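What follows is each chain in one-letter form.
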Amino acid sequence: MVEIISIIIILFALFAHSRAYLRFKERKISWIEFILWTIIWISAIVVALIPETSSKISNFFGIERGVDLLVYVSIILIFYLIFRLYIKIDQAEQNITKIVRKVSKEE
Amino acid sequence: MMDPLIIIPAFNEEKAIADVIKDLKSHDYHNILVIDDGSKDRTAEIAKENGAKVIKHIINRGQGAALQTGNEYAIKNNIEVIVHFDADGQFIAEDIKNMLEPLKEGYEIVLGSRFLGKKPINIPFEKKLILKGGRLFTKLFSNISLSDTHNGFRAISKSTLEKLKIKQDGMAHASEIIDLIKKNNLKYKEVPVTVIYSDYSISKGQGIFNSLRIAFKLIIRKLSN
């Protein structure tokens, strides 16, 4: 029996993947990124339909519950994304400074 | 005798800047450049009224950014020697003479130190603790031992300036400069200077929390390079 949460996850995954597909068609993301997103959303659908798969995978890593693995992986991913954002912002800040310096003049 | 360009980064320093410039002039330093780092008060006007050159950042970019603007001005205008000086009245112009001396002996950069000989005036305990931490951090981060790692008083020769490109816009530039000294193997010397702690200068200084933030910034930059 399929739970309501499974249906929500599947619908969301399909929606999210369609967004990724549109981005890919507009060439806003590379094909590597597109494949990455495809893998992520397909695995989300698989796990939603057959929840046992997630515990199989997590058992392989020595973690008891699938949900735990999901939380661990998510946290790692979020940290990585924050790191990337931090560097991006830092670069943007340096560029702003260059512009400010360029337009500054002796009064 | 070399006539140094005194570079003073200033952000909202209308209360202190006039006295700082007057002190410099009374010691015969007339080549003064104030970098007004997007002040919202009358810092730039007051500096100009007192006879300093002023370059204005349209928005606040931080002390490191302001110093680099001054350094680039010096390079462009072929200035032989520059001095970094604070706008909040912590330093005294009398010390500049001693700071310039080692440059004549071939040192490439001279760093002011408040812990060599001259006693810092009214230094608060928290400040002492932060500076100790800064020393330890510098030892680990850049492998260089200085008595005072976070002192904004510096004298630098022109040839050195081109190797000292400050990329840390904020207060992390002090550590960055030391790191660049180590990287470029610059000949440096520490010289005792007086640092005066007034309620005003303390309010403008760095707290413990901010110091940790600065350390974090430096580490991330090192990791991402």
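Remember, predicted model here, so these are calculated numbers, not experimental data.

Asker: How should I be thinking about the overall build of chain B in this particular structure?
Answerer: Scanning chain B from terminus to terminus reveals nine helices and seven strands. Whereas a compact globule of 225 residues would reach a radius of gyration of roughly 17 Å, chain B reaches 16 Å, a difference of no more than 12%. When the backbone C-alpha atoms are referred to their principal axes, chain B occupies close to 45 × 35 × 35 Å. For chain B, the residues scored as buried account for 47% of the 225 residues in total. For chain B, long-range pairs separated by at least 24 residues make up 77% of all intrachain contacts whose partners lie at least 6 apart in sequence.

Asker: It is not clear to me how the sheet that holds strand β7 (residues 188–192) of chain B should be interpreted in this structure. Could you clarify?
Answerer: Whenever strands of a sheet pair, they do so through backbone hydrogen bonds, lying parallel or antiparallel. Taken together, eight strands build an open sheet; the order of strands is β1(A)-β3(B)-β2(B)-β1(B)-β4(B)-β6(B)-β5(B)-β7(B) and the sheet is mixed. Only two strands of the sheet have a single neighbouring strand rather than two, namely β1 (105–106) of chain A together with β7 of chain B. As paired strands, strand β5 (residues 109–113) of chain B and β7 of chain B are joined by five bridges and run parallel to one another. Note on β7 of chain B: the bridge partner recorded for I109 of chain B is Y188 of chain B.

Asker: Is there a simple way to think about the environment of Y73 of chain B in this case?
Answerer: Residue and element names in this part refer to chain B. Turning to its location among the elements, Y73 is positioned in helix α3 (residues 63–76). The exposure class of Y73 is buried, given the 20 C-beta atoms found within 10 Å. It is 24 Å that separates the C-alpha atoms of Y73 and K182, two residues lying 109 residues apart in sequence. Contact partners of Y73, with chain neighbours within four places excluded, come to L33 and I55.

Asker: Any chance you could explain the interface of chain B and chain A here in plain terms?
Answerer: The extent of an interface is frequently quoted as the accessible surface area lost upon association of the parts. Listed per partner, the contact involves 16 residues of chain B and 12 residues of chain A. Those elements that place two or more of their residues in the side of chain B that touches chain A are α2 (43–49), β3 (53–57), α3 and α9 (208–224) of chain B. Counting residues per element, the side of chain B that touches chain A draws most heavily on β3 of chain B, at five residues. Across two bridges, β1 of chain A lies against β3 of chain B in antiparallel orientation. Looking across to β3 of chain B, one finds that K105 of chain A is bridged to K56 of chain B.

Asker: For this particular structure, what's the right way to read the nonpolar core?
Answerer: Soluble globular proteins tend to bury their nonpolar side chains together. Among the nonpolar cores identified, the biggest contains 58 residues, and I6, I7, I8, I17, L33, V34 and I82 of chain B are the most heavily contacted of them. In this structure L33 of chain B touches L5, I6, I7, I8, A52, K53, I55, G70 and Y73 of chain B, once residues within four positions along its chain are discounted.

Asker: What is the right way to look at the pairing of β3 of chain B in this model?
Answerer: Side-chain direction in a regular strand flips from residue to residue, so the side chains alternate between the two faces of the sheet. Residues and elements named next belong to chain B. Taken across its five residues, β3 has four buried, putting it largely inside the fold. In this structure, strand β2 (residues 32–37) lies alongside β3, joined through five bridges in parallel fashion. The residue of β3 that forms the bridge with D36 is K56. Assessed by its sense of winding, the connection that carries the chain from β2 through α2 to β3 is right-handed.

Asker: What is the right way to look at helix α1 (residues 4–25) of chain A in this model?
Answerer: For an α-helix the count is 3.6 residues per turn, leaving residues at separations of three or four pointing the same way. All names here are of chain A. Given a rise of 1.5 Å per residue, 22 residues ought to cover 32 Å, and the 32 Å separating the end C-alpha atoms of α1 matches this to within 8%. Little of α1 sits out of view: just zero of its 22 residues are buried. Of the residues trailing α1, R27 is marked for its positive phi of about 65 degrees.

Asker: Can you walk me through the domain arrangement of chain A in this structure?
Answerer: Domain annotation for chain A reports domain 1 (1–50) and domain 2 (66–107). Relative placement of domain 1 of chain A and domain 2 of chain A: their C-alpha centres are 26 Å apart.

Asker: Just to check I follow, could you spell out the packing of helix α5 (residues 125–142) of chain B against α9 of chain B for this structure?
Answerer: All names here are of chain B. In the contact formed by α5 and α9, the axes pass within 10 Å of each other and the chain directions differ by 10 degrees. Judged by the angle between their axes, α5 and α9 are roughly parallel. Listed contacts from α9 to E126, I130, G133, F137 and F141 of α5 are I208, S211, A215 and L218. Split into classes, the residues belonging to the contact of α5 with α9 amount to six nonpolar, two polar and one charged.

Asker: Explanation requested: unusual backbone geometry in the structure shown.
Answerer: Apart from glycine, the bulk of residues carry a negative phi angle, and the bulk of peptide bonds sit in the trans form. All names here are of chain B. In this structure, N12 takes a positive phi of about 50 degrees despite not being glycine. Summarising the element assignment, N12 is placed in the loop between β1 (5–10) and α1 (17–26). Exposure remark for N12: the 18 C-beta atoms within 10 Å place this residue in the partly exposed category. Positive phi, close to 55 degrees, is recorded for N143, a residue that is not glycine.

The rules behind each value
- Per chain, residue numbering runs from 1 following the sequence as it is written.
- Throughout, the order in which chains and ligands are written sets their labels, letters from A for the former and numbers from 1 for the latter.
- Only residues with pLDDT of at least 70 get local features here, since the model is predicted, and only at 80 or more are side-chain atom pairs given and counted; chain-wide, interface and lining totals rely on the full set of residues.
- Counting from the N terminus, the helices are the DSSP runs of H or I reaching at least four residues and the strands are the DSSP runs of E reaching at least two.
- The quantity called the radius of gyration is restricted to C-alpha atoms. Its globule counterpart is 2.2 Å times the number of residues to the power 0.38.
- With C-beta atoms placed from the backbone, a residue is buried if 20 or more other C-beta atoms are within 10 Å of its own, exposed if 12 or fewer are, and partly exposed between those counts.
- Distance between backbone-placed C-beta atoms decides contact: two residues are in contact if it is within 7 Å.
- In this scheme, strands are said to pair when DSSP sees at least two bridges between them.
- Defined on buried residues, the nonpolar core groups Ala, Val, Leu, Ile, Met, Phe, Trp, Tyr and Cys residues joined through C-beta atoms within 7 Å.
- Crossover handedness is defined here as right-handed if the route from the first strand over the helix to the second strand goes clockwise, with the strands pointing away from the viewer.
- To estimate the expected span of a helix, subtract one from its residue number and multiply by 1.5 Å.
- Here the bounds of each domain stem from an automatic or database domain assignment.
- The axes are straight lines fitted to the C-alpha atoms, using for helices just the contacting stretch, and the angles between their N-to-C directions are given from 0 to 180°.
- Put simply, angles under 35 degrees are roughly parallel, angles over 145 are roughly antiparallel, angles from 65 to 115 are roughly perpendicular, and the rest are oblique.
- Gly is put with the polar residues, along with every residue not named as nonpolar or charged; the nonpolar set is Ala, Val, Leu, Ile, Met, Phe, Trp, Tyr, Cys and Pro, and the charged set is Asp, Glu, Lys and Arg.

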